[in-house]
Each structure stands twice: as C-alpha cells, then as structure tokens.
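Each chain, letter by letter, is given below.
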Amino acid sequence: MDYVNSEEKQKMLYKRTLLMVSISQIFGGAGLAAGVTVGALLAQQMLGTDAFTGLPASLFTLGSAGAALIVGRLSQRFGRRIGLAAGFFTGGLGAIGVVIAAMTNSIILLFASLLIYGAGTATNLQARYAGTDLANNKQRAKAISIAMVSTTFGAVAGPNLVGPMGKFAVSIGVPALAGPFILSATAFILAGLFLFVMLNPDPLIMAKMIESNKTKQVNVENSSPVESIKNKRGIAVGAATMVLTQIVMVAIMTMTPIHMEHHGHGLNEVGIVIAFHIGSMYLPSLITGILVDKVGRTAMSIASGATLLLAGLTAALAPSDSMILLVVALSLLGLGWNFGLISGTAQIVDSTDSSTRAKTQGTVDVFIALAGASGGALSGMIVANSSYATLSLAGGALSLILIPVVIWSRGGKKEREQGLQM
C-alpha cells in the first residue's frame, strides 16, 4: 500500500517496471526476429512452391491476433505479470512445434505451430504497454520507446544467429532452417520466466489501485460527452495508424528474403538485411518516443506514412543485386513502422484508463495482427502473379491513407474545442 500513497515509491516502481520489461524484451526480440527471418524460406522448402511463402507470416500474425485478445483479457483480470508470462510460454511451445514439424516434414503441424508461435509475437508487442501503466501523459511515448529499444538487442542478434543456429541444428539432426526456431523457443520461454518471477508488484494492478485512491479527481461517471467522443476518436486514430503501418511492413518484409534468394543472395546476406530492418524497427525508439511526446502524435503519424512511402519506392526501384539499397529500403520500412507504432500506441494509452486499458489494448492489437496476417498472405500472391517491385509500390501507396486519417483526427479536435466553448 505504500506505493499507493507515496509518489516517490510510485516513481521507483515505474523505473523498476521499465527495467524488468526492457530485460524481457531482449529475449522476446530474439525469439521474434529469428523466426521471422526464415519462416518464409522454411515454408518454401517444405511446400516446394513460392505461391504460399507468405503463409508463415500470415499464420503467426493470425495466431498473434487471438493471443493478443487473450493476453489483453488475462492482463486486465490478473495483471501484466500473468498475461505476459502466459503469452511468452505459449509462443515458446509454438516454436518447439515448428522444429518438430520440420523434422517430420509435417505441413499440418507446421501451420498449427506457426499459429501458436504467434502468441510470442503478440506478447512481445503487448509488453510495451506494461511500461506505460505507471507513466504520466508526458512520459508515455518515452516509456513505450524504452521498452521497445531494448528489443533491439535481441532483434538484431536473432537474424545474425541464423547461420550459426542452422549449423547447430544440422549437428543434432534438425533441418538447418528450423535452427532459428530453437533459438525462438528458448528466448520466449526465458522471457516468460523472467516476467513471471520479476514483474512484482504488478504495474497494472498498482495503477488501478493508485487511480482508485485519487478521490479528488473528477469521477469517471461525470465525464462529459465531449471527453467520451475524444477517447473514442483517439482509440480509432491510434488503431488505424498501427493497422496501416503493420500491413505495409509485414507485406514487404515477408517477401524480401524470397526476392533475395531468387537473385542469388545467401542466407547470411538475408540475415544481414533483416537485421538492419528489425534494428530500424526498434533501435530509434528512444528518439521516436521523445519526438512523439514533444512534437505530437499527429506529426509523427504523418512522418510514418511518408517514411513507408519512401521505403516502398526504394525497394521497388533497387537493383536486385544491390545489398546496399535493399538495406536502405528495409531500414526505412522498419523506421516508418516504428514511428507509426509508437505514435499510435501513445494515442491508445492517452484515450484509456486502467479499468479498461489492457482489454482495449488487447482488442486493438487483434486488429493489428489481422492486418499483418492479411499483408503476409497477400504478399506472396502478389509477388507470384506480378513482382516484388509491384508489391513494394502498392505498400508505399497504401501508407498514404495515414494522411486522411490524421486530417480526420484534427477535425475531431476542432469539434471538441467548439463543444467546450458552447
């Protein structure tokens, strides 16, 4: 109860929570990145065709949709500690299933395991919310960014361990492309164990207690209709920003390894490009968080769309043998996603309170995951029937939808100001 009544202890708990979440994200990032790097290649090897190589990304993002909903509801009821630990453990089991599927050449088991593996990717994203539970509105984007930047260490290491893990897998009688999933299983399970043991006191439970203790604040029941409209609009804008950036990022990222393989690039080169991409997804987070808090959610949402457009154009126009331009394109793709995720997440946190926050966040992440699943599924079909350049151009054009979304949000701001004046 000391945390409820002492602002100093609340600040200490906020810092401790960020540290615990950040450490777990190192493991989670490695688990996510290793599987993403070779998922499409493993499917191609087992299926013998390129037409369905987008299915792995589609399946584990579809699995992450269901997991996001469950993790969000578990967190709302039992706290972040239980929700996040359960999600990471489930993702680890899915990764183990992928390894077994590769060993037995079972397509059905592969697809089922990829769905379960998606729980790890969902939980890795959900963990970013835990750092915001005890943050004030001027710290939220920075809190999100601190949690995400820690993912960089694991996320960059994961793809670069593809080669060594492939050799290790072969040495123990496992197909080389299943090696990274051994790393994923280990990393996800370690992340879950760490949070289960160390995330105590639970930040969401403490946030609920702190908010209920502030009896001098305006009662939620007395909030105005204008404020209610503001919250709904904020959730809609934040969700739309993250959904659009997820579709574009997953679609282009999924088919890049296939595109590179078709043009003579080896597994190590694929790992380097994906490492730069995932590093760009997470490493700029600290600066992005500061910008989102200082410059604003709206401006950074526009920056996200512009960066994704540039990424699509670069990927489409890059010569197939140019490693440098592919690195630039995928780095821009990761950066645009980073801008969109942090600004959108901050919008969601701004528009919710602790009594419904985790449940709402889980629901929003369902739509994000479904968007990623759609992007992954369509990407393979587009490339098979057209080209990687067409996919990249389409993704860049789609990112421009963020502009009318932002205009709509600004219109809502004017409506609220007029409502307050009346």
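Residues numbered from 1 in each chain as written. Predicted model: local features only at pLDDT ≥ 70, side-chain atom pairs only at ≥ 80, totals over all residues. Heavy atoms only, no water.

**Structural notes on the overall build of the protein chain**
Short version of the rule: What counts as a helix is a DSSP run of H or I of at least four residues, what counts as a strand is a run of E of at least two, and both are numbered from the N terminus. To sort residues, take the accessible area from a 1.4 Å probe on protein chains only and compare it with the maximum for the residue type: under 20% means buried, over 50% means exposed, and anything in between is partly exposed. Whether two residues touch is decided by their heavy atoms; if any such pair falls within 4.5 Å, the residues are in contact. Here, Shrake-Rupley sampling with a 1.4 Å probe gives the accessible areas, and only protein chains in the shown set may cover a residue.
What the protein chain contains, in helices and strands, is 17 helices and 0 strands. Out of the 422 residues belonging to the protein chain, those deemed buried represent 56%. Long-range contacts, defined as pairs at least 24 residues apart, comprise 87% of the intrachain contacts of the protein chain with a sequence gap of at least 6. Element-wise, carbon and sulfur atoms account for 67% of the exposed surface of the protein chain, whose accessible area totals about 17,100 Å².

**A word on unusual backbone geometry**
The omega torsion across Asn 200 and Pro 201 is 10 degrees, close enough to zero to call that bond cis. Looking at the element boundaries, Pro 201 is found in the loop between α8 (179-198) and α9 (203-213).

**Topic: the packing of aromatic side chains**
What counts, and what does not: Ring geometry is summarised as follows: Phe, Tyr and Trp rings, the Trp one being its six-membered ring, pair when their centres sit within 6.5 Å, and such pairs are stacked at plane angles under 30 degrees, edge-to-face over 60 and tilted between the two.
Under the criterion given, the structure shown has 4 aromatic pairs. With 5.4 Å between their ring centres and 70 degrees between their planes, Tyr 117 and Phe 181 make a pair best called edge-to-face. With Tyr 117 in helix α5 (residues 107-130) and Phe 181 in helix α8, the pair connects residues that are 64 residues apart, well separated along the chain. For the pair formed by Tyr 117 and Phe 181, the shared burial category is buried. Geometrically, the ring pair formed by Tyr 117 and Phe 188 is tilted, given 5.7 Å between the ring centres and 50 degrees between the ring planes. One end of the pair, Tyr 117, is in helix α5; the other, Phe 188, is in helix α8, and 71 residues separate them in sequence. The exposure classification of Tyr 117 matches that of Phe 188, with both residues buried.

**Things to note about the layout of surface pockets**
The condition is simple: For each structure, a 1 Å grid was placed over the protein atoms alone; sets of points admitting a 1.4 Å probe that cannot get out are labelled cavities, open sets with protein on both sides within 12 Å along at least five of seven lines are labelled pockets, and lining residues have an atom within 4 Å of a point. Grid points are joined across faces, edges and corners, and a volume is the space filled by probe spheres set on the points. Residues are grouped as follows: nonpolar covers Ala, Val, Leu, Ile, Met, Phe, Trp, Tyr, Cys and Pro; charged covers Asp, Glu, Lys and Arg; every other residue, Gly included, is treated as polar.
Each pocket or cavity is described by its volume, and for the second largest pocket that value is around 150 Å³. As for the second largest pocket, its lining consists of Tyr 14, Lys 138, Gln 139, Lys 142, Ile 146, Gly 289, Ile 290, Asp 293 and Lys 294. When residues in the lining of the second largest pocket are grouped by element, the largest group, 4 residues, is from helix α12 (residues 285-294). Class assignment for the residues of the lining of the second largest pocket results in 3 nonpolar, 2 polar and 4 charged.

**Looking at the pattern of salt bridges**
If charged atoms from side chains of opposite charge come close, those side chains can pair. This is how the line gets drawn: By definition, a salt bridge exists where a carboxyl oxygen of Asp or Glu is found within 4 Å of a side-chain nitrogen of Lys or Arg.
One pass over the full model with this rule turns up 5 salt bridges. The partner of Asp 293 in a salt bridge is Arg 297, and the shortest N-O contact between them spans 3.1 Å. Asp 293 sits in the partly exposed class, given a relative accessible area of 22%. Between Asp 350 and Arg 297 there is a salt bridge; the shortest N-O distance is 2.9 Å. Of the two residues, Asp 350 sits in helix α14 (residues 323-350) while Arg 297 sits in helix α13 (residues 297-317), which places them 53 residues apart along the sequence. Residues joined in a network through salt bridges with shared partners are Arg 140, Asp 293, Arg 297 and Asp 350.

**Focus: the nonpolar core**
This is how the line gets drawn: Working definition of a nonpolar core: buried Ala, Val, Leu, Ile, Met, Phe, Trp, Tyr and Cys residues. They are joined through side-chain atoms within 4.5 Å.
Counting residues in each nonpolar core, the largest one holds 87 residues, and the members touching the most others are Leu 42, Phe 181, Leu 333 and Trp 337. In terms of residue count, α14 provides more of this core than any other element does, 14 residues in total. The contact partners of Leu 333, leaving out residues within four places of it in the chain, are Val 248, Met 249, Ile 252, Met 253, His 277, Leu 308 and Ala 311. One finds Tyr 14, Ala 135, Met 206 and Ala 207 within the second-largest nonpolar core, a separate group that totals 9 residues.

**Focus on the confidence of the model for the protein chain**
As a reminder, the rule being used: The pLDDT score gives, residue by residue, the confidence of the prediction method on a 0 to 100 scale.
Residue-level pLDDT values for the protein chain average 82, and 88% of them are 70 or greater. Mean pLDDT in the protein chain bottoms out at helix α17 (residues 402-421), which sits at 58, and peaks at helix α4 (residues 80-104), which reaches 93. Here residues 414-422 scores under 50 on pLDDT; set against residues more than four positions off or in separate chains, the count is 6 contacts.

**Things to note about a nonpolar patch on the surface**
Using the following cut-off: Each patch is built from residues that are more than 30% exposed by relative accessible area and take part in no salt bridge. Like charges join if they lie within 9 Å; nonpolar side chains (Val, Leu, Ile, Met, Phe, Trp, Tyr) join within 5 Å.
A contiguous nonpolar surface patch, about 750 Å² in accessible area, is contributed by Leu 62, Leu 93, Ile 96, Ile 100, Leu 109, Leu 115, Ile 116, Phe 367 and Leu 370. Those elements that provide at least two residues to the nonpolar patch are α4, α5 and α15 (357-385). With respect to the secondary-structure elements, Leu 370 resides in helix α15.

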